[in-house]
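An overview of the molecular structure
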Amino acid sequence: MLNLKEYHRPKDLTEAVALLQRKQPRTVVLSGGTWLVGEAPRDVEAVVDIADLGLNRILVEGNLVRIGAAVTHQQLVESEQLRTSALRVISETAQAMSGLNIRNRATIGGAIVTADAASPLVTALLACDAEVVIAGAKDKTKPADAPSDFWKVLPLAGFLAYRRQILDEGTLITEVRMPLPSPDTRSHYTRVARTPRDYPIVCAVAAFAMKDGIAGHVRIAVGGVAATPIRLSRLEFGLEKKRLADWLDGEMEAQMALLDPPGDWLGSAEYRKEMARVLVRRAILAVAGAS
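Residues numbered from 1 in each chain as written. Predicted model: local features only at pLDDT ≥ 70, side-chain atom pairs only at ≥ 80, totals over all residues. Heavy atoms only, no water.

1. Topic: the sheet that holds strand β8 (residues 172-179)
Within a sheet, neighbouring strands are paired by backbone hydrogen bonds and run either parallel or antiparallel to one another. Formally: Strand pairing is defined by DSSP finding a minimum of two bridges between the two strands. A run of H or I in DSSP becomes a helix once it reaches four residues, and a run of E becomes a strand once it reaches two; helices and strands are each numbered from the N terminus. Under this scheme, a helix contributes an axis fitted over its contacting stretch, all axes are lines through C-alpha atoms, and angles between N-to-C directions fall in the 0 to 180 degree range. Any two residues having at least one pair of non-hydrogen atoms within 4.5 Å are treated as being in contact.
The strand order β4-β5-β8-β6-β7 describes an open sheet built from five strands, whose pairing is antiparallel. This sheet does not close on itself; its edge strands, each paired only once, are β4 (58-61) and β7 (151-155). The sheet shows a mean angle of 25° between the axes of neighbouring strands, taken without regard to direction. With four bridges connecting them, β4 and strand β5 (residues 64-68) associate as antiparallel partners. Of the residues in β5, the one forming a bridge with Leu 59 is Arg 66. Against the sheet, helix α1 (residues 13-20) contacts β6 (131-135), β7 and β8, and its axis sits at roughly 120° relative to β8.

2. Points about the sheet that holds strand β10 (residues 202-211)
Taken in spatial order, the four strands of this open sheet run β9-β10-β11-β12, and their pairing is antiparallel. The two strands at the open ends of the sheet, each matched to only one other strand, are β9 (185-192) and β12 (230-231). As defined by bridge partners, β10 adjoins strand β11 (residues 214-223) across eight bridges and the pair is classed as antiparallel. Looking at β11, one finds that Ala 207 is bridged to Arg 219. Sheet strands touched by helix α8 (residues 120-127): β9, β10, β11 and β12. Its angle to β10, the strand with the most contacts, is close to 25°.

3. Description of the pairing of β8
Put simply, the rule reads: Exposed residues in this analysis have more than 50% of their type's maximum accessible area, buried residues have under 20%, and partly exposed residues fall in between, with area computed by a 1.4 Å probe over protein chains only.
For β8, the tally of buried residues reaches six of eight residues, placing the bulk of the element in the interior. Here five bridges tie β6 to β8, and the two strands are oriented antiparallel to one another. Of the residues in β8, the one forming a bridge with Glu 131 is Arg 177.

4. A few points about the packing of aromatic side chains
Threshold: Pairing of aromatic rings covers Phe, Tyr and Trp, the last through its six-membered ring, and needs centres within 6.5 Å; plane angles under 30 degrees mean stacked, over 60 mean edge-to-face, and all others mean tilted. Geometrically, a lysine NZ or arginine CZ counts as sitting over a ring once it is within 6 Å of the ring centre and also within 35 degrees of the ring normal.
The final tally for this structure, using the stated rule, is zero aromatic pairs. Between Lys 242 and the ring centre of Trp 247, over which it is positioned, the NZ or CZ distance is 4.0 Å.

5. Let's talk about the environment of Leu 20
Summarising the element assignment, Leu 20 is placed in helix α1. For Leu 20, a relative accessible area of 8% corresponds to the buried category. Sequence separation between Leu 20 and Gly 68 is 48 residues, and the spatial gap between their C-alpha atoms is 19 Å. Beyond its immediate chain neighbours, meaning those up to four positions away, Leu 20 contacts Thr 27, Val 28, Val 29, Val 48, Gly 170, Thr 171 and Leu 172.

6. Topic: the pairing of β10
Residues in a regular strand project their side chains so that they alternate between the two faces of the sheet. Of all ten residues in β10, nine are buried; the element is thus mostly enclosed. Where β9 and β10 come together, eight bridges link them in antiparallel fashion. The residue of β10 that forms the bridge with Thr 185 is Ala 209. Where β10 folds back onto β11 in an antiparallel hairpin, the turn is made up of two residues, including Asp 212, whose phi is positive at roughly 55°.

Below, the structure is given as structure tokens:
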């Protein structure tokens, strides 16, 4: 960060958002810093360190799991709240993100902001119905002179689709939240990579409950077939309240026909589409077999 001129460590969210919403100098959030230190744009001149904002806790409140934006990947790996339910897939994919040294610094908020095509953690969060809580969000339907809403809650998929516009407004992710799965919900993560320890080329997560061979509350996400991980909504709808043995093959074909992944040096478009087919099917059958 050769052009850094200002460092701020605010004590409350209002101060943090006010700093981020300044027109000049360009100001960004500093949390774990694993992306920012290595890849920050050259025009970044100020950072807002969120270490003192209390965003590093994992809480279970009723049927809601709340994960602060500054919770590290290693905290996710070690969390008992996550590892004792179908949300253990979040712990598993957090471990798959990187080695221990980086996991001790990298945060869940940073993983969402910088999410690439095959992020295991973001793929799992999508399959767990994650939402993003944002401070400083503006309500564009209000008159210009009306006060803006300070808080906004967005589905993770919606945030990923518009994250650059949202962040350019000077907003701050404060937490990720998701419903606590029912006791009979199971989840499974699977991947393909160049070596067993490599970052995935394509990955998939399935989560649902099974009763008498019928799937319920089906959630399926795949990474490596679009700019960011995506939910397979067509397949989810096609399998919901259906007997998997009768519907899986047909619904898989219908969903895969909609995928149009880009190709690159890690894998052609055809390879990525075929791997998505294999991995999604594997994840679904693994959940069905464990239920």
